[in-house]
Amino acid sequence: MRKPFVAGNWKMHTDSQTSVNLAVSIVSGSREVAGRSVAVAVIPPFVYLQAVVRALSTSHIAVGAQDIYIERQGAFTGEISASMLKDVGCTYVLCGHSERRQVIGESDELVNKKVAAAISGGLLPILCVGELLDEREGGRTAEVVGRQIKSCLAGLSAEKLSAATIAYEPVWAIGTGLTATPQQAQEVHALIRKLIEEMYDSESGEEVRILYGGSAKPSNAAELMRQEDVDGLLVGGASLNADDFVTIIKAAV
Ligand code: 13P
């Protein structure tokens, strides 16, 4: 049985006060379910990680980082290592979010190294994949997502894979208000699970958690979660509003 998982990616939002306020409000709204019937994580900007970890210390809500660097330490100005993220209390880390692929230019090869570095450093990576609008319209979704999964998991053993979560985030649905239909999401999630089975084994395919992300909100969360292969949601905009995020958490139970 895969436990549902809801994560809120705060992207480059909040400040020192509002990040803590948001965390505290999410805890109080989701106390009965968070960490019990549904795993929950928030993913604030690096600079507020410690404050948010502190604010969540008596809760069952985990904290994740939005990115990681592939080396352990050294002369890599501006970068943050797995051990630093562990040190401040992170459990999860996003790898290959589409905004980093699109805006910063991260390649599948780099994302592959990030996933490996996260796992070696004791973090749980959330590997993000998803196609662009023209790729979907050109009927290339399966090819693009398949290539991303294969490249980004290259060289990873089944044991290591068990630390990873996959997030399917169609780029055309991110921050656009356009959500993949539950059927579209299910179709790609099933495809990813089948691919994992082929790359590893049936147990790995059965156990890997696959989240949907892209304009997930209170009004569509339950329907998305009803799909057989949708194990949770990676929420952007709606995770910045405590009431909305709590409603989504409850819809995932
Ligand atoms: P939105 O929910 O704002 O579309 O963002 C999704 C996302 O990118 C989460 O990582």
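Residue numbers run consecutively from 1 along every chain, following the written order of its sequence. Predicted model: local features are reported for residues with pLDDT of at least 70 only, side-chain atom pairs are reported and counted for 80 or more only, and whole-chain, interface and lining totals are derived from all residues. Values reported for side chains reflect all heavy atoms of the structure, with hydrogen atoms and water molecules removed beforehand.

Peer 1: Any chance you could explain the sheet that holds strand β7 (residues 209–213) here in plain terms?
Peer 2: Two pairing modes exist for strands in a sheet, parallel and antiparallel, and in both the strands are linked by backbone hydrogen bonds. DSSP-based pairing: two strands are paired if at least 2 bridges between them are found. Helical segments are the DSSP runs of H or I of at least four residues, strand segments are the runs of E of at least two, and each set is numbered from the N terminus. In space, the eight strands of this closed barrel follow the order β1-β2-β3-β4-β5-β6-β7-β8, with parallel pairing throughout. Taken over all neighbouring pairs, the strand axes of this sheet differ in orientation by 25° on average, direction set aside. Relative to strand β4 (residues 92–95), strand β3 (residues 61–65) is paired through two bridges, and the arrangement is parallel. Note on β4: the bridge partner recorded for G64 is Y92. Across the face of the sheet, helix α12 (residues 242–251) comes into contact with β1 (5–9), β2 (39–43) and β8 (232–235) while running at roughly 160° to β1. Orientation is described by axes fitted as lines to C-alpha atoms, over the contacting stretch for helices, and by angles from 0 to 180 degrees between their N-to-C directions. We call two residues in contact whenever any of their non-hydrogen atoms come within 4.5 Å of each other.

Peer 1: Which parts of the structure should I look at to understand a negative patch on the surface?
Peer 2: Each patch is built from residues that are more than 30% exposed by relative accessible area and take part in no salt bridge. Like charges join if they lie within 9 Å; nonpolar side chains (Val, Leu, Ile, Met, Phe, Trp, Tyr) join within 5 Å. Each accessible area value is a Shrake-Rupley result obtained with a 1.4 Å probe; residue values ignore everything except the protein chains displayed when judging cover. Definition used for salt bridges: Asp or Glu carboxyl oxygen within 4 Å of a side-chain nitrogen of Lys or Arg. Charge counting follows a simple rule: Lys and Arg are positive, Asp and Glu are negative, and His as well as the terminal groups are ignored. Here the site of a charge means atom NZ of a Lys, CZ of an Arg, CG of an Asp or CD of a Glu. A surface patch of like charges, here negative, comprises E197, D201, E203 and E207. Its location among the elements puts E207 in helix α10 (residues 202–207).

Peer 1: Explanation requested: the site of the ligand in the structure shown.
Peer 2: One heavy atom within 4 Å of a molecule or strand is enough for the residue carrying it to be called near that molecule or strand. Neighbouring the ligand are the residues N9, K11, H97, E169, A173, I174, G175, G214, S215, L234, G236 and G237. Polar contacts, as counted here, are pairs of nitrogen or oxygen atoms within 3.5 Å of one another; within protein the pair requires one atom able to donate a hydrogen and one able to accept it, and residues that are adjacent in sequence qualify only if both atoms are side-chain atoms. Contacts to the ligand include N9, whose side-chain N or O atom sits 3.0 Å from an oxygen atom. The separation between an oxygen atom of the ligand and a polar main-chain atom of G237 is 2.8 Å. Surface burial for the ligand is 95%, taken as the share of its 310 Å² of free accessible area covered by protein chains. Asp, Glu, Lys and Arg are counted as charged, while Ala, Val, Leu, Ile, Met, Phe, Trp, Tyr, Cys and Pro are counted as nonpolar; the rest, among them Gly, fall into the polar class. A breakdown of the residues in the shell around the ligand according to their chemical character gives three nonpolar, seven polar and two charged.

Peer 1: Quick question: what am I supposed to make of helix α7 (residues 141–152) here?
Peer 2: Since the α-helix turns once every 3.6 residues, residues separated by three or four places project in the same direction. Expected helix span is taken as 1.5 Å per residue step, with the number of steps being one fewer than the number of residues. Taking 1.5 Å per residue, 12 residues should reach 16 Å; α7 reaches 16 Å between its end C-alpha atoms and fits that length. Any residue under 20% of the maximum accessible area for its type is buried, any over 50% is exposed, and the rest in between are partly exposed; the area is computed with a 1.4 Å probe on protein chains only. Along α7, the residues classified as buried are T141, V144, V145, G146, Q148, I149 and C152. Buried residues along α7 sit in contact with α4 (98–104), α5 (108–120), β5 (124–129), α6 (133–137), β6 (165–168) and α9 (182–199).

Peer 1: Where do I start with the layout of surface pockets in this structure?
Peer 2: A probe as big as a water molecule, rolled over the atoms, marks out the empty space that is left. Volume-wise, the largest pocket comes out at about 400 Å³. For the largest pocket, the lining is made up of 13 residues, of which K11, M12, Q66, E99 and R100 are closest to its centre. When residues of the lining of the largest pocket are assigned to their parent elements, the largest contribution, four residues, is made by α4. Within the lining of the largest pocket, the residues separate by chemical class into six nonpolar, three polar and four charged. Cavities and pockets are found on a 1 Å grid laid over the protein atoms alone: a cavity is a set of points where a 1.4 Å probe fits but cannot escape, a pocket is an open set with protein on both sides within 12 Å along at least five of seven lines, and a lining residue has an atom within 4 Å of such a point. Grid points are joined across faces, edges and corners, and a volume is the space filled by probe spheres set on the points. There is about 240 Å³ of room inside the second largest pocket. For the lining of the second largest pocket, the secondary structure elements donating two or more residues are α8 (158–161) and α10. Ranked by residue count, the leading element in the lining of the second largest pocket is α10, at three residues. A breakdown of the residues in the lining of the second largest pocket according to their chemical character gives seven nonpolar, three polar and six charged.

Peer 1: It is not clear to me how the pairing of β5 should be interpreted in this structure. Could you clarify?
Peer 2: For a regular strand, side chains alternate in direction, first toward one face of the sheet and then toward the other. The element β5 is largely enclosed, with a buried count of five among its six residues. Of the pairings in the sheet, the one linking β4 to β5 comprises four bridges and is parallel in character. Each residue of the ladder has a partner; that of L94, found in β5, is I126. As judged from the four bridges shared by β5 and β6, these two strands associate in the parallel manner. Within β6, the residue paired with V129 across the bridge is Y168.

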